[in-house]
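Results of the structural survey
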Amino acid sequence: MATDHSGLAPDTLTVAAGRPPREHDAPVNAPIVLSTTYHETRAPQPGDRIYARGSNPTWDPFEEALGALEGADLPALVFGSGLGAAAAALSLVPTGGAVVMPRHAYAGSISLAGDLAAQGRFELLTVDIADTDAVLGTLDALAHRFDAGQVMVWLESPTNPMLEVAELAVLTDAAHARGALVVADNTFNTPMVHRPLEAGVDVVLHSVTKWLAGHSDVVLGALATSDPALRARLLAHRTLHGAIAGPFEVWLALRGLRTLALRMERSQSTAAFLALHLADHPAVRRVRYPGLASDPGHERAAAQFNGFGGIVSIELDDVATADAVVEAVRLWLPATSLGGVESLVERRRRQPAEPATVPEALVRLSVGIENPEDLWADLDQALRRATGGRDGGL
Ligand SMILES: *Cc1c(COP(=O)(O)O)cnc(C)c1O
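Before going into details, it helps to say that this report is about the structure given with it. Owing to the predicted nature of the structure, the values given are computational and were not obtained by experimental measurement. (Residues numbered from 1 in each chain as written. Predicted model: local features only at pLDDT ≥ 70, side-chain atom pairs only at ≥ 80, totals over all residues. Heavy atoms only, no water.)

1. Overview of the overall build of the protein chain
A tally of helices and strands in the protein chain yields 13 helices and twelve strands. Dimensions of the protein chain along its principal axes, counting C-alpha atoms only, are 75 × 60 × 35 Å. Of all 394 residues assigned to the protein chain, the portion counted as buried reaches 52%. In the form shown here, the protein chain has an accessible surface area of approximately 16300 Å², with 53% of it arising from carbon and sulfur atoms. Computed over 31 positive and 47 negative side-chain charges, the separation of the two mean positions in the protein chain equals 4 Å. (Helix = DSSP H or I, 4+ residues; strand = E, 2+ residues; numbered from the N terminus. Buried < 20%, exposed > 50% of the residue type's maximum accessible area, 1.4 Å probe, protein only. Areas by Shrake-Rupley, 256 points an atom, 1.4 Å probe, with all protein chains shown as cover. Lys, Arg positive; Asp, Glu negative; His and termini not counted. Charge placed at Lys NZ, Arg CZ, Asp CG, Glu CD.)

Written out as structure tokens, the structure is:
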């Protein structure tokens, strides 16, 4: 593979990257290889496939495409889930080190890091990632107690589901100046909206389950980096801990990736349309969406990102109203997860692992690719029904 795609725009890369070589009669799409072992006709050499826990030809085109999309100098690494990828990224922290995470990072990432911290692997500190001065203060305090290479800064921006926006380049530079490694969870933005490696981040993480695969039918994760030494450690972790992806799932993810640009474009424009309508709705107390001019993260998002994403969070008056909205939708699907073609609603705090600082009556909307007016009509009727008739009056 490894065709030179430098200079191509991201929406072209989603289609062009990760194709088999252009040879007569060769397939245009990579086939699925299920074999667990490979012919060996000579003594093993570095880079040989040998066994399918270490390498599978079905992974290669997806890893090439995602690496190219994230602007990495190297192919990405695919994992069996986003959290499998997170575990590999956290393995880069030396025992006795420290991890700084947003207090509203994805609940699973915080739970995983908390579990490792409870086992004594490292110290875990959570911060308000949108409060740059507070994060810098935490990094300064850690720099006094830890040597270079012992601290990892975990960024997630916008956060899930609070949609807080961090100053990624500022925090990354500050972390590097203090000898810390920086990981950014780019699941919400996708490379169509932001490429954290370009802001200097060391490792980018994806729950491929979400926007990249895009159809709510595969669980996968990925890491991308331009640092060969880091990639070698992450690859060794994947092979030794066995958090590998099934070939069919990766094939589906590459098929999903082919339409990422179109899906994101549609989800984002509908999210912006819905956020404006929701902001005017009497039943909605607060809308969180970085695309709204009134949102606290708006200026930062506009300065750093090429879009505002497809997730909108709304706050209702109380838990009963929020639950009633989720029950009253007909087209939207009440379900967890996000980033699929179908629009989903979820009151996040119904999950015990969700941080207590996330408002109880917050409902997260993952905006799919259905007709925007249909989506609004359904939300509007659900809001009216849940609040006994107050309509949007639009
Ligand atoms: C879902 C999610 C994850 C975890 O990924 P899985 O594929 O579910 O293991 C990590 N980060 C974010 C932001 C997510 O939304």
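Picking up where we left off.
2. Focus: the sheet that holds strand β8 (residues 286–288)
Adjacent strands of a sheet form backbone hydrogen bonds with each other and so pair up, either parallel or antiparallel. Read across the open sheet, the five strands follow the order β8-β9-β12-β11-β10; overall the sheet is mixed. Each of the sheet's edge strands pairs with one partner strand only, and the pair in question is β8 and β10 (333–334). Where strand β11 (residues 344–347) lies against strand β12 (residues 362–366), four bridges are found, and the strand directions are antiparallel. By the bridge assignment for β12, L344 is matched with S366. Of the strands in this sheet, β10, β11 and β12 are in contact with helix α12 (residues 319–328), which crosses β11 at around 160 degrees. (Pairing = 2+ DSSP bridges. Contact = heavy atoms within 4.5 Å. Axes fitted to C-alpha atoms, helices over the stretch in contact; angles between N-to-C directions.)

3. So, the environment of S55
With respect to the secondary-structure elements, S55 resides in the loop between α1 (10–16) and α2 (59–69). Note on S55: relative accessible area 15%, which makes it buried. Residues S55 and R349, spaced 294 residues apart in sequence, show a C-alpha to C-alpha distance of 39 Å. If we skip the residues at most four places from it in the chain, S55 touches Y38 and R49.

4. Details of the site of the ligand
Neighbouring the ligand are 13 residues; L83, D185, S207, T209 and K210 lie closest to it. At a separation of 2.8 Å, an oxygen atom of the ligand approaches a polar backbone atom of L83. Here an oxygen atom of the ligand sits 2.8 Å away from a polar atom, N or O, in the side chain of S207. Here the ligand has 380 Å² of accessible area as a free molecule, and 92% of this is covered by the chains. In the shell around the ligand, the residues fall into four nonpolar, six polar and three charged. (Near = heavy atom within 4 Å. Polar contact = N/O pair within 3.5 Å; in protein donor to acceptor, adjacent residues only side chain to side chain. Nonpolar A, V, L, I, M, F, W, Y, C, P; charged D, E, K, R; others polar.)

5. Considerations on unusual backbone geometry
Between S157 and the following residue, P158, the backbone shows a cis peptide bond with an omega angle of -5 degrees. Mapped onto the secondary structure, P158 falls in the loop between β4 (151–156) and α6 (168–177). With an omega of 5 degrees, the peptide bond running from N160 to P161 counts as cis. In this structure, S337 takes a positive phi of about 80 degrees despite not being glycine. With respect to the element layout, S337 can be found in the loop between β10 and β11. Owing to a relative accessible area of 24%, S337 belongs among the partly exposed residues under this scheme.

6. Regarding the side chain of T190
Summarising the element assignment, T190 is placed in helix α7 (residues 190–193). By relative accessible area, T190 is classed as buried at 1%. If we ignore the near neighbours within four places in the chain, the residues touching T190 are H206, W211, L212, L260 and M264.

7. Points about the environment of W211
Within the fold, W211 resides in the loop between β6 (203–207) and β7 (221–224). Residue class for W211 comes out buried when judged on its relative accessible area of 1%. As for W211 and A177, which are separated by 34 residues in sequence, their C-alpha atoms are 33 Å apart.

8. Some remarks on the packing of aromatic side chains
The relation between two aromatic rings is expressed through the spacing of the ring centres and the mutual angle of the planes. Applying the stated criterion across every chain yields a total of one aromatic pair. Where F248 meets W251, the ring centres are 6.2 Å apart and the plane angle is 15 degrees; that geometry is what we call stacked. Placement of the pair is F248 and W251 together in helix α9 (residues 247–257), with a separation of three residues, close to one helical turn. Assessed through its relative accessible area of 44%, F248 is described here as partly exposed. (Phe/Tyr/Trp six-rings, centres within 6.5 Å; stacked < 30°, edge-to-face > 60°.)

9. Some details on the nonpolar core
The nonpolar side chains of a soluble globular protein tend to be buried with one another. Counting residues in hydrophobic clusters, the biggest one holds 59 residues, and the most contacted among them are F62, L155, V208 and L257. When residues no more than four places from it in sequence are discounted, the contact partners of L155 are P102, I129, L168, L171, T172, V182, V183, A184, D185 and V201. Core analysis: the second largest hydrophobic core is formed by 29 residues, A275, V284, V325 and A386 among them. (Core = buried A, V, L, I, M, F, W, Y, C linked by side-chain atoms within 4.5 Å.)

10. A few points about the sheet that holds β4
The strand order across the open sheet built from seven strands is β1-β7-β6-β5-β4-β2-β3, with neighbouring strands paired in mixed fashion. In this open sheet, the two edge strands, each paired with only one partner strand, are β1 (77–79) and β3 (122–127). Across the sheet, the mean angle separating the axes of adjacent strands is 20 degrees when strand polarity is ignored. As defined by bridge partners, β4 adjoins strand β5 (residues 181–185) across five bridges and the pair is classed as parallel. Bridge pairing links L155 to A184 in β5. The sheet strands contacting α2 are β1, β6 and β7, and the helix crosses β1 at an angle near 120 degrees. Along the sheet, helix α8 (residues 228–241) contacts β1, β5, β6 and β7; its crossing angle with β1, the most-contacted strand, is approximately 25 degrees.

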